[in-house]
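The chain contents come next:
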Amino acid sequence: MLEGPKVSQSELAKRFGVSQPQICRIIKNKERILSEWHRNGDPERKRKREGKDAALEAALLRWVESAPAADLPVSGSVLQLKAKHLAEALGRPTLEPSGSWLSRFEAHHSLAFKKPPSEKGDAEQPTAEQWAGAVLPSLLRSYAPSEIYACGETGVLLLASSPSKGESDGDRLTLLLCASANGSEKIPLWVVGENPRPHCLRGINLQQMPWSYHSSSLANMTAPLFTEWLRDFNEGMRHQGKSVLLLLTKHEAHPYLQLSNVRMVFVPVATTLAQPMDHGITSDFKDHYRRRLLRWQLAECGMGQLTLLDVLHMLAQAWGDVRPGLITSCFRAAGFGLNTSTEAPAPSLLSLEHRVLMDQELERDGEPVDGAEGMVEGEDMAEPMVQRCPSEREVWGSLATVRRYLEFRATSPDLFQAFYELEDVVHVVSAN
């Protein structure tokens, strides 16, 4: 109409029941309005509404438009993860892009994403008959036990505490466990809590911890968090030069991704030949955690309230307590007929022999050490003061200091394994 026979702005205003200044603004911004209308591709839209997070949506849209040129895969789960990263960059660390937010964003910008291509059947969960008869035998022929991994989630409750300054770390944690079929590798724990910035974790070197802490509402695993874990896991396999199989159950928080070094396969739920984690790995891990928690309570080794940081270290220790032989047995119970001998774990810095020797020294109960009697008779020397044995509280306080030093200065998560073993030795000595 604007390009037809000349009509006055007043006439147009009367015809459409709007004011003349409004017609003037439309004519002035004609090119921009037409451009946005064509880009949105919705001929029925009568007004342009900005989202609540216009800056975030604009940044995310620019990334989507540039993704094909960089050969980056784009899917709903990837968009949620990217939106969370952009929100943090824009100073909105607490924003959790939900599925409904993503749907509105896609509708607003007329976006639609195809599912990534996958190996036949991988993106779907097979039936129990298909799994036992065809899928599982084929997988066992294609992958060695060290190349087959299973992952699963479980939850633990936190002890009631009284955090300072009204801060709460929530009532529960969700844990992601992942291990290889021969027990040779246990992926460091991923822990999801409610508090995005726990006070007890501030200042420590999180990159070198033997666990990884993340947050979400209600401490649940979400699709963006699981996508982030998948990409980290794939990167770790790429650095090792391994192409592996990852077994998991189908869930809304478990999006299918096509990865360079990890092939995802969903296992059936309604069968005894299912998820290896459910055949004893998870329960053994929880038993070790409860034992360590009870030991802490009985010894009162803490210097005050049990914190989330204490719990994270206990969980890492409990995961380390799960033996490779048990993991292999659980894979066998899940139908994986593995012909493998579990490799013996690397010798610890404080081996069993060292512990026996330490116990023997303690049993001597004050006997003189060889060579102590070689003092010259009559020599005028002041007798040195005998150092008293530190109390248990002093020992636990010293261990807490060492752990705190490692939390700030550790250059590798492996250093904590040596510390955990030292802590276990002290517990054994204390119990005797």
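Residues numbered from 1 in each chain as written. Predicted model: local features only at pLDDT ≥ 70, side-chain atom pairs only at ≥ 80, totals over all residues. Heavy atoms only, no water.

- The name an unreviewed UniProt entry assigns to the chain is TIGD3 protein, from the organism Tricholaema leucomelas.

**Quick word on the overall build of the chain**
Here comes step 1: A tally of helices and strands in the chain yields 14 helices and six strands.
Here comes step 2: Within the chain, the proportion of its 432 residues that are buried is 39%.
Here comes step 3: Of all intrachain contacts in the chain linking residues separated by at least 6 positions in sequence, the fraction that spans at least 24 positions is 68%.
Here comes step 4: Carbon and sulfur atoms make up 54% of the accessible area of the chain, which totals about 25700 Å². (Helix = DSSP H or I, 4+ residues; strand = E, 2+ residues; numbered from the N terminus. Buried < 20%, exposed > 50% of the residue type's maximum accessible area, 1.4 Å probe, protein only. Contact = heavy atoms within 4.5 Å. Areas by Shrake-Rupley, 256 points an atom, 1.4 Å probe, with all protein chains shown as cover.)

**A word on the packing of aromatic side chains**
Here comes step 1: In the structure shown here, the tally under the stated rule is eight aromatic pairs.
Here comes step 2: The interplanar angle of 75° and the centroid separation of 5.6 Å between the aromatic rings of Phe331 and Phe336 together place this pair among those described as edge-to-face.
Here comes step 3: Classification of Phe331 by relative accessible area gives buried; the value is 0%.
Here comes step 4: On the basis of relative accessibility, which here comes to 0%, the residue Phe336 falls in the buried class.
Here comes step 5: Taken together, Tyr149, Phe226, Trp229 and Phe233 form an aromatic cluster joined through their ring pairs.
Here comes step 6: The ring of Trp319 has Lys186 lying over it, and the distance from NZ or CZ to the ring centre is 5.8 Å. (Phe/Tyr/Trp six-rings, centres within 6.5 Å; stacked < 30°, edge-to-face > 60°. Lys NZ or Arg CZ within 6 Å of the ring centre and 35° of its normal.)

**Looking at the side chain of Asn261**
Here comes step 1: Mapped onto the fold, Asn261 is located in the loop between β5 (244–248) and β6 (262–266).
Here comes step 2: Among the polar contacts listed, one links the side chain of Asn261 to the side chain of Ser260, at a separation of 2.8 Å.
Here comes step 3: In contact with Asn261, other than residues within four places in its own chain, are Asn234, Met237, Arg238, Lys242, Ser243 and Val244. (Polar contact = N/O pair within 3.5 Å; in protein donor to acceptor, adjacent residues only side chain to side chain.)

**Points about the side chain of Asp310**
Here comes step 1: Position of Asp310 among the secondary structure elements: in helix α10 (residues 308–321).
Here comes step 2: At 3.0 Å, the side chain of Asp310 forms a polar contact with the backbone nitrogen of Thr307.
Here comes step 3: Within the structure, the side chain of Asp310 is placed 2.8 Å from the side chain of Arg403, a separation counted as a polar contact.

**So, the sheet that holds strand β4 (residues 211–215)**
Here comes step 1: Strand order in this open sheet of six strands is β4-β3-β2-β1-β5-β6, and the pairing throughout is mixed. Every interior strand has two partners, whereas the edge strands, β4 and β6, have only one. The mean inter-strand angle of the sheet, taken between neighbouring strand axes irrespective of direction, is 25°.
Here comes step 2: When β5 meets β6, the two strands line up parallel, connected through five bridges. Within β6, the residue paired with Leu246 across the bridge is Met264.
Here comes step 3: Contacting β1 (148–157), β2 (172–180), β3 (189–193), β4, β5 and β6, helix α8 (residues 223–240) crosses the sheet at an angle of about 155° to β5. (Pairing = 2+ DSSP bridges. Axes fitted to C-alpha atoms, helices over the stretch in contact; angles between N-to-C directions.)

**Comments concerning the packing of α10 against helix α14 (residues 414–431)**
Here comes step 1: In contact at an axis separation of 11 Å, α10 and α14 are set at 90° when each is read in the N-to-C sense. The angle between α10 and α14 places the two elements in the roughly perpendicular class. Residues His313, Ala316 and Gln317 of α10 form the contact with α14, whose own contacting residues are Phe416, Tyr420, Glu423 and Asp424. (Parallel < 35°, antiparallel > 145°, perpendicular 65-115°, else oblique.)

**Topic: the environment of Pro97**
Here comes step 1: You can see Pro97 is positioned in the loop between α5 (76–89) and α6 (99–108).
Here comes step 2: The class of Pro97 is buried, set by a relative accessible area of 5%.
Here comes step 3: For the pair Pro97 and Ala87, spaced ten residues apart in the sequence, the C-alpha separation amounts to 9.0 Å.

**Examining unusual backbone geometry**
Here comes step 1: Although it is not a glycine, Leu218 adopts a positive phi angle of roughly 65°.
Here comes step 2: For Leu218, the position within the fold is in the loop between β4 and α8.
Here comes step 3: Its identity is not glycine, yet Ala219 carries a phi of approximately 60°, on the positive side.

**Some points on the packing of helix α1 (residues 9–16) against helix α2 (residues 20–28)**
Here comes step 1: Where α1 meets α2, the axes come as close as 8 Å, and the angle between the chain directions of the two elements is 110°. Looking at the two axes, α1 sits roughly perpendicular to α2. Two secondary-structure elements touch here, α1 through Gln9, Ser10, Leu12 and Ala13 and α2 through Gln20, Ile23, Cys24 and Ile27.
Here comes step 2: Split by residue class, the contact of α1 with α2 holds five nonpolar, three polar and no charged. (Nonpolar A, V, L, I, M, F, W, Y, C, P; charged D, E, K, R; others polar.)

**So, the pairing of β5**
Here comes step 1: Counting buried positions along β5 yields five of five residues, so the element is predominantly enclosed.
Here comes step 2: Judged by which residues are buried, β5 turns out to be covered on both faces: Val244, Leu246 and Leu248 on one side and Leu245 and Leu247 on the other are all buried.
Here comes step 3: Of the pairings in the sheet, the one linking β1 to β5 comprises three bridges and is parallel in character. Note that in β5 the partner of Tyr149 across the bridge is Leu246.

**Points about the nonpolar core**
Here comes step 1: Ranked by internal contacts, the top residues of the largest apolar core, which has 55 residues, are Leu173, Trp211, Leu247, Phe285 and Leu315.
Here comes step 2: In this structure, Trp211 is in contact with Leu189, Leu201, Ile204, Leu206, Leu309, Leu312, His313, Ala316 and Tyr420, ignoring residues within four places of it in sequence.
Here comes step 3: Formed by 40 residues, the second largest nonpolar core is a distinct cluster that contains Tyr149, Leu176, Val192 and Leu248. (Core = buried A, V, L, I, M, F, W, Y, C linked by side-chain atoms within 4.5 Å.)

**As for the pairing of β3**
For a regular strand, the rule is simple: side chains alternate between the two faces of the sheet.
Here comes step 1: Burial analysis of β3 places five of its five residues in the buried class, which makes it a mostly covered element.
Here comes step 2: Burial along β3 is two-sided: the face carrying Leu189, Val191 and Gly193 and the face carrying Trp190 and Val192 are both buried.
Here comes step 3: By the bridge criterion, three bridges tie β2 to β3 in an arrangement that is antiparallel. Looking at β3, one finds that Thr174 is bridged to Val192.
Here comes step 4: The sheet contact formed by β3 and β4 spans five bridges and is parallel. Bridging across to β4, Val192 finds its partner in His214.

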